[in-house]
Each structure stands twice: as structure tokens, then as C-alpha cells.
Amino acid sequence: EAGVAQSPRYKIIEKRQSVAFWCNPISGHATLYWYQQILGQGPKLLIQFQNNGVVDDSQLPKDRFSAERLKGVDSTLKIQPAKLEDSAVYLCASSLGTGINTGELFFGEGSRLTVL
Amino acid sequence: AQSVSQHNHHVILSEAASLELGCNYSYGGTVNLFWYVQYPGQHLQLLLKYFSGDPLVKGIKGFEAEFIKSKFSFNLRKPSVQWSDTAEYFCAVIPFSNDYKLSFGAGTTVTVRA
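How each quantity is defined
Residues numbered from 1 in each chain as written. Chains lettered and ligands numbered in written order. Predicted model: local features only at pLDDT ≥ 70, side-chain atom pairs only at ≥ 80, totals over all residues. Heavy atoms only, no water. Contact = heavy atoms within 4.5 Å. Buried area = accessible area lost by both parts, 1.4 Å probe. Polar contact = N/O pair within 3.5 Å; in protein donor to acceptor, adjacent residues only side chain to side chain. Nonpolar A, V, L, I, M, F, W, Y, C, P; charged D, E, K, R; others polar. Disulfide = S-S within 2.5 Å. Helix = DSSP H or I, 4+ residues; strand = E, 2+ residues; numbered from the N terminus. Buried < 20%, exposed > 50% of the residue type's maximum accessible area, 1.4 Å probe, protein only. Phe/Tyr/Trp six-rings, centres within 6.5 Å; stacked < 30°, edge-to-face > 60°. Salt bridge = Lys/Arg side-chain N within 4 Å of Asp/Glu carboxyl O.

Asks: Please clarify how the interface of chain A and chain B should be interpreted in this entry.
Replies: For interface size, the figure often reported is the accessible area lost on association. Across the contact, 21 residues belong to chain A and 19 residues belong to chain B. Approximately 1,600 Å² of surface area, both sides summed, lies buried where chain A meets chain B, with 59% of it carried by carbon and sulfur atoms. The interface formed by chain A and chain B includes two residue pairs in polar contact (both at pLDDT 80 or more). Per-class residue counts for the side of chain A that touches chain B are seven nonpolar, 11 polar and three charged.

This is the structure we're talking about:
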């Protein structure tokens, strides 16, 4: 079974530039998550989709971050304009179930962003 | 604020030593509990999980964890570590609440010396 695919693996940009990350979840997984992992910290949920609807985006900095999941499959996360503090690994994950039946999350390898 | 706490930031062990990593959470109701592991250069992967039933759960690679509801704890253990257990370990919790969000602890880096 193919895992969660993410690209790019690495991205270096200057502050105020924009960047986009792409995620392809495991086939059939209804729920997709984007997490931000800053060095030395645990992953922090940015946004959660169920199919193509947003379940939770309470910790997404909406003035600069946006995400979409078209057709309930692939997803993109965009940052515009980037700040130094956005330097982190952006993790995409998917799960078969949702809510009480969430179960295990499967993670991609992450996209490491460095903002200079 | 509700949270997941991991007691140790970095643990250094010799091979064959025993490992125990602490995890406490502050959610008051029913929870699902997880330990995830991230080996160097690899993605996060599930080590073990607890949903219900026997509070002592066994995972991959000889790891086990014990859920103690009265202590809000889910500590991870391995009797004898190997060099290949060098990794970062994350405790995670899904509370049975309105949003069922998976929240992570800050992680513990485990270094096993050969």
C-alpha cells in the first residue's frame, strides 16, 4: 500500500516570499491533516479535513496560511507571505476514519521549510 | 489548557539497558492514546495504541505501554534497548470531545549507545 506522499521535501525561501506544499493521502482515507513541527517541539495541528470539508482550522494562521483539499483527495498548504517563525517541518497525515473512529494516523515524510 | 506532557526531553542509554518514557495528559474524559516513533530520516510511524480493554498494550519492536487512568498516564517501556531504537518518541492523545483532535507531546529523543 502506498503511503502518504508529500512534496517538496525541502524548501528554502526568503521572508515575505510564498511557498506551497502538496500532499497525496493514502487512497480511501477520508480525513487529512496538516501539522506543523517546529524543531524541538511536537507536531501541532494546523488544519483537518474530512473529505473536502474543513473540520478544524482553529490553529491555522489564516492571515498567511491557507489550505484546500479539492475533490476530497489531494491537498495543498500555502504560506503567503512567509515569516522567519514559519521555519518548520510541515507534516501531512491521513486516517481512514474520523471523529470517534479516527484510529491511527499515517504520516508522510514531511516538507522542511527554511525561511531566511 | 489541555495538554500532553512528556517528562524527558533527551534520554541517553547503553544497549541492553531498560527504557521508560513518561507521558501524562490533562484531558478528563475518555481518550485514545498513542505512541509514535520517528527514526532518523524517516516519517512518524505508530509504535502502539490504546483504545480500550487491557491497559497494558504491546507494540512493535518489543515496546509496551501501560495506561493508568487514575494517573492520566501512558508510559512507554522496553526492557532491553538496541542501538536501532535511537529515535524520537512522541506520545499523542485523542480526547473524546467535540473535535477528536490528535494532540502530541513535545517528544523525547532517545539515544542508544552501542
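Asks: Looking at this structure, I do not really get the state of the cysteines. What am I missing?
Replies: Covalently bonding the sulfur atom of one cysteine to the sulfur atom of another cysteine gives a disulfide. On inspection of all chains with the given rule, the structure shows two disulfides over all chains. With its sulfur 1.9 Å from that of its partner, C23 of chain A forms a disulfide with C92 of chain A. On the sign convention where negative is left-handed, the bridge of C23 of chain A and C92 of chain A, at about -70° about the S-S bond, is left-handed. Pair noted here: C23 of chain A is in strand 3 (residues 19–24) and C92 of chain A is in strand 9 (residues 88–95), with a separation of 69 residues, a long-range link. A residue is classified by how much of its surface remains accessible, and C23 of chain A, at 0% relative accessible area, is buried. Look at C92 of chain A and you get buried, because its relative accessible area is 0%. In this model, C23 of chain B is linked to C91 of chain B through a disulfide, with the two sulfur atoms separated by 1.9 Å. Its S-S torsion of about -65° marks the bond between C23 of chain B and C91 of chain B as left-handed, since a negative value means left-handed.

Asks: Sorry if this is basic, but what is going on with the packing of aromatic side chains here?
Replies: In this description, an aromatic ring pair is defined by two values, namely the gap between the centres and the angle between the planes. Per the counting criterion, the structure on display carries 14 aromatic pairs over all chains. Between F107 of chain A and Y36 of chain B, the ring centres sit 5.5 Å apart and the planes meet at 85°, which makes this aromatic pair edge-to-face. Separated into two different chains, F107 of chain A in strand 10 (residues 106–107) and Y36 of chain B in strand 5 (residues 31–38) make up a pair that spans both. Note on F107 of chain A: relative accessible area 4%, which makes it buried.

Asks: Can you help me understand unusual backbone geometry in this one?
Replies: Trans peptide bonds make up most of the peptide bonds, and negative phi angles are found at most residues other than glycine. Residue and element names in this part refer to chain A. A cis amide bond, omega -10°, links S7 with the succeeding residue P8. Tracing the chain through its elements places P8 in the loop between strand 1 (5–7) and strand 2 (10–13). In this model, Q80 is joined to P81 through a cis peptide bond whose omega is -5°. Here P81 shows up in the loop between strand 8 (75–79) and strand 9. The backbone of K71 sits at a positive phi, close to 60°, despite the residue not being glycine.

Asks: Help me understand the pattern of salt bridges, please; the structure alone is not making it clear to me.
Replies: Should the charged atoms of two oppositely charged side chains come close, the side chains can pair. Residue and element names in this part refer to chain B. Inspection of every chain in the model, using the stated rule, returns eight salt bridges over all chains. A salt bridge links D85 to K78; the nearest nitrogen and oxygen atoms lie 2.9 Å apart. On the basis of relative accessible area, D85 is assigned to the buried category, the value being 1%. One network of salt bridges, in which partners are shared, links K58, E64, E66 and R77.

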